Structure formats: structure tokens, C-alpha cells
Amino acid sequence: MLTRLFVLAIAACTYEPSSFVMQVAAGGPALRHDCELAERRCARCHSIERVERAQIVVPRQWRDYVHRMRLMPGSNVPPDEERPITRCLVFRTSGQPGLDELAAEDR
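Residues numbered from 1 in each chain as written. Predicted model: local features only at pLDDT ≥ 70, side-chain atom pairs only at ≥ 80, totals over all residues. Heavy atoms only, no water.

**A short note on helix H6 (residues 82-106)**
Right, so step 1: Here H6 is 25 residues long, yet its end C-alpha atoms lie only 13 Å apart, well below the 36 Å a rise of 1.5 Å per residue gives.
Right, so step 2: The principal kink in H6, of about 130°, is found at Ser94, preceding the proline Pro97 by one to four residues.
Right, so step 3: Taken together, the buried positions of H6 are Glu82, Pro84, Ile85, Thr86, Cys88, Leu89, Val90, Phe91, Gly95, Gly98, Leu99 and Leu102. (Helix = DSSP H or I, 4+ residues; strand = E, 2+ residues; numbered from the N terminus. Expected span 1.5 Å × (residues − 1). Bend = angle between axes of the 7 residues up to and from the residue. Buried < 20%, exposed > 50% of the residue type's maximum accessible area, 1.4 Å probe, protein only.)

Structure follows, in C-alpha cells:
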């Protein structure tokens, strides 16, 4: 039992976020959380590299794309996760100006 706890403690200390998540570390903890969520959800159906290769640069296109993917059978992405996933993808492709544009569209 003690050995198992030790192994779990070591594993927890050695966790390294993927490059997908790390590229947004400068965006703060909320954005990092959004990208961890995006990575988990998107990778259920396809590789995260597929998302990274998407030729989408306009924030509104990311919103539409995430909505379409959420509606795919088996995605299991609830409606309330669309916005954080979209925020992550917009920031990765357009930075803070993209997030500002996305927020302006929400008003």
C-alpha cells in the first residue's frame, strides 16, 4: 500500500503538460485550464495535431468549428464547454487580439 502511494506521488510530480497546453502558459491559469480541457476533449476523436494543423485564423470560424465538433456523435462535449475550448483555440492562433475580437462578438 505504501509503495503504491509513493509511486502515485512520484507520478503526480512528474506530470508535464503537452506542448499544446504549454504554448498558452503566458495567457494565465484560466486560459491554461481552457487548453487542458480542449486537449482532453478534442483528442477523444482525433489527434491534437489535427487541431493544430487547422487552417482557421478568424475567431468566429473557431466558434463555428467547435460547435460543429460538439454536435458530432460521440463527442460528449457539453454546451458549456464550447466557450472555453473556443477561447483556447482562438488564443493559440490569434493571441490576445483574437480573444478581444471574440469577446466583442459576444456583446
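Here the narrative resumes, following the displayed structure.
**Quick notes on the pattern of salt bridges**
Right, so step 1: Evaluated as defined, the whole model comprises nine salt bridges.
Right, so step 2: Here Glu36 makes a salt bridge to Arg32, at a shortest N to O gap of 3.6 Å. Of this pair, Glu36 and Arg32 both sit in helix H3 (residues 29-42), four residues apart, roughly one helical turn.
Right, so step 3: Under the relative-accessibility criterion, Arg32 is labelled partly exposed at 26%. (Salt bridge = Lys/Arg side-chain N within 4 Å of Asp/Glu carboxyl O.)

**Overview of the packing of aromatic side chains**
Right, so step 1: Considering all chains together, one arrives at one aromatic pair under this definition.
Right, so step 2: On the numbers, 5.8 Å between centres and 85° between planes, the contact of Trp62 with Tyr65 is edge-to-face. Taken as a pair, Trp62 and Tyr65 lie in helix H5 (residues 59-70) at a separation of three residues, close to a single helical turn. With respect to burial, Trp62 and Tyr65 carry one shared label: buried. (Phe/Tyr/Trp six-rings, centres within 6.5 Å; stacked < 30°, edge-to-face > 60°.)

**Concerning the nonpolar core**
Right, so step 1: Ranked by internal contacts, the top residues of the largest apolar core, which has 21 residues, are Val51, Trp62, Ile85 and Leu89.
Right, so step 2: Breaking this core down by element, the ones donating at least two residues are H3, helix H4 (48-52), H5 and H6.
Right, so step 3: For this core, the element with the most residues is H6, which contributes seven residues. (Core = buried A, V, L, I, M, F, W, Y, C linked by side-chain atoms within 4.5 Å.)

**Section: the packing of H5 against H6**
Right, so step 1: In contact at an axis separation of 8 Å, H5 and H6 are set at 145° when each is read in the N-to-C sense. Helix-helix and strand crossings are classified by hand; for H5 and H6 the assignment is left-handed. On H6, the residues that touch Pro59, Arg60, Trp62, Arg63, Val66, His67 and Arg70 of H5 are Glu82, Ile85, Thr86, Leu89, Val90, Thr93, Gly98, Glu101, Leu102, Glu105 and Asp106.
Right, so step 2: Of the residues in the contact of H5 with H6, the class split is seven nonpolar, four polar and seven charged. (Axes fitted to C-alpha atoms, helices over the stretch in contact; angles between N-to-C directions. Left-handed = near helix turned anticlockwise from the far one by under 90°. Contact = heavy atoms within 4.5 Å. Nonpolar A, V, L, I, M, F, W, Y, C, P; charged D, E, K, R; others polar.)

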